[in-house]
Amino acid sequence: EDFCHGTLKPIFHFVHPTSKEVCVSFNNALDANQKSRSEGAKWQLYCAVNLEYIQPVVQNFNDGDCVFVFDLELLMSPTLLGSRARTANICFFFNTPFPSAEIFRTIPVRKQILRSLLNADFLQFHCFTYARHFLSCCTTLLGLEFRPTRGG
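Right, let's walk through the structure included here. (Residues numbered from 1 in each chain as written. Predicted model: local features only at pLDDT ≥ 70, side-chain atom pairs only at ≥ 80, totals over all residues. Heavy atoms only, no water.)

**What about the nonpolar core?**
Heads up, the rule is: The set of buried Ala, Val, Leu, Ile, Met, Phe, Trp, Tyr and Cys residues whose side-chain atoms join them within 4.5 Å is what this entry labels a nonpolar core. For every residue, the accessible area (1.4 Å probe, protein chains only) is compared with the maximum for its type, and the residue is labelled buried under 20%, exposed over 50%, or partly exposed between those bounds. For helices the rule is a DSSP run of H or I covering at least 4 residues; for strands it is a run of E covering at least 2, with both sets numbered from the N terminus onward. Residue contacts are counted whenever heavy atoms from the two residues lie within 4.5 Å of one another.
Among the nonpolar cores identified, the biggest contains 41 residues, and Phe-12, Leu-75, Phe-98, Phe-104, Ile-113 and Leu-114 are the most heavily contacted of them. Mapped onto this core, the elements with two or more residues apiece are helix 1 (2–12), helix 3 (37–59), strand 1 (66–70), helix 4 (77–84), strand 2 (89–93), helix 5 (101–104), helix 6 (110–118) and helix 7 (128–142). Those residues in contact with Phe-12 that lie beyond four places of it in its chain are Leu-72, Leu-75, Phe-94, Thr-96, Pro-97, Phe-98, Pro-99, Phe-104 and Ile-107.

**Side note on the packing of aromatic side chains**
Threshold: Only centres within 6.5 Å qualify two rings of Phe, Tyr or Trp (six-membered ring in Trp) as a pair; their planes then separate them into stacked at under 30 degrees, edge-to-face at over 60, and tilted for everything else.
Enumeration according to the criterion identifies 15 aromatic pairs in this entry. Aromatic pair Phe-70 and Phe-93: ring centres 5.4 Å apart, planes at 20 degrees, arrangement stacked. In this pair, Phe-70 sits in strand 1 while Phe-93 sits in strand 2, placing the two residues 23 residues apart along the sequence. Taking the relative accessible area as the measure of exposure, Phe-70 reaches 45% and is therefore partly exposed. Aromatic rings pair up to connect Phe-12, Phe-92, Phe-94, Phe-98, Phe-104, Phe-125 and Phe-134 into one cluster.

**Overview of the sheet that holds strand 3 (residues 122–124)**
The criterion, for reference: Strand pairing follows a simple DSSP-based rule, namely that at least 2 bridges must link the two strands. Simply put, an axis is a line fit to the C-alpha atoms, just over the touching stretch for a helix, and the angle between two N-to-C directions goes from 0 to 180 degrees.
Taken together, the three strands give an open sheet; going across it, the order is 1-2-3, and neighbouring strands pair in parallel fashion. Of all strands in the sheet, those with a lone pairing partner are strand 1 and strand 3, marking the two edges. Neighbour-to-neighbour, the strand axes of this sheet turn through a mean angle of 15 degrees, independent of strand direction. In this sheet, strand 2 lies alongside strand 1 in parallel orientation, the contact comprising five bridges. Bridge pairing links Val-67 to Ile-90 in strand 2.

**Overview of helix 6**
Put simply, the test is: Comment: arc refers to directions from the helix axis out to C-beta atoms.
The complete set of buried residues in helix 6 reads Ile-113, Leu-114, Ser-116 and Leu-117. All buried residues of helix 6 fall inside an arc of 160 degrees around its axis, so they share one side.

**A word on the environment of Gln-59**
Within the secondary structure, Gln-59 sits in helix 3. Gln-59 gets classed as exposed once you look at its relative accessible area, which sits at 66%. For the pair Gln-59 and Ala-85, spaced 26 residues apart in sequence, the C-alpha to C-alpha distance is 9.3 Å.

**A short note on helix 7**
Inclusion rule: Take the number of residues in a helix, subtract one, and multiply by 1.5 Å to get its expected span.
Taking 1.5 Å of rise per residue, the 15 residues of helix 7 would be expected to cover 21 Å, and the 20 Å separating its terminal C-alpha atoms lies within 8% of that figure. Those residues of helix 7 not exposed but buried are Tyr-130, Ala-131, His-133, Phe-134, Cys-137, Cys-138, Leu-141 and Leu-142. The buried residues of helix 7 occupy an angular sector of 155 degrees when the element is viewed end-on, so they sit on one face. Just downstream of helix 7, Gly-143 is the residue with a positive phi angle, here 75 degrees.

Below, the structure written as structure tokens:
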């Protein structure tokens, strides 16, 4: 809950880290070699919760099943599911906005989150603007290219 609601939720709602506490927290976590213990522990707990969530899904999974994942609490689930249930059709739905690349880049684990989301077979956003923000993040932060196609 700390990492999700204390770190991710403000960022995903376009709150740029400007307060002293948030800036200090992010500055401590920017360099993986110098990551603060508290921020690192929050991220590890967040990933552990994602793993706990997918374990029953994997145990009851049948080839070709669709797995719907919902919102900020489970951003790492597409990677975790994909590595354990390779034939899963993973659908990820954002019930929150997706921030611009300028704001998203302030998350220390931004690349891990983007790579996990790219493991989903289907991503759904509330509006085209949020989808465009996601694509911009993938281009800017991961160096990936995309070509828009008619109809999606």
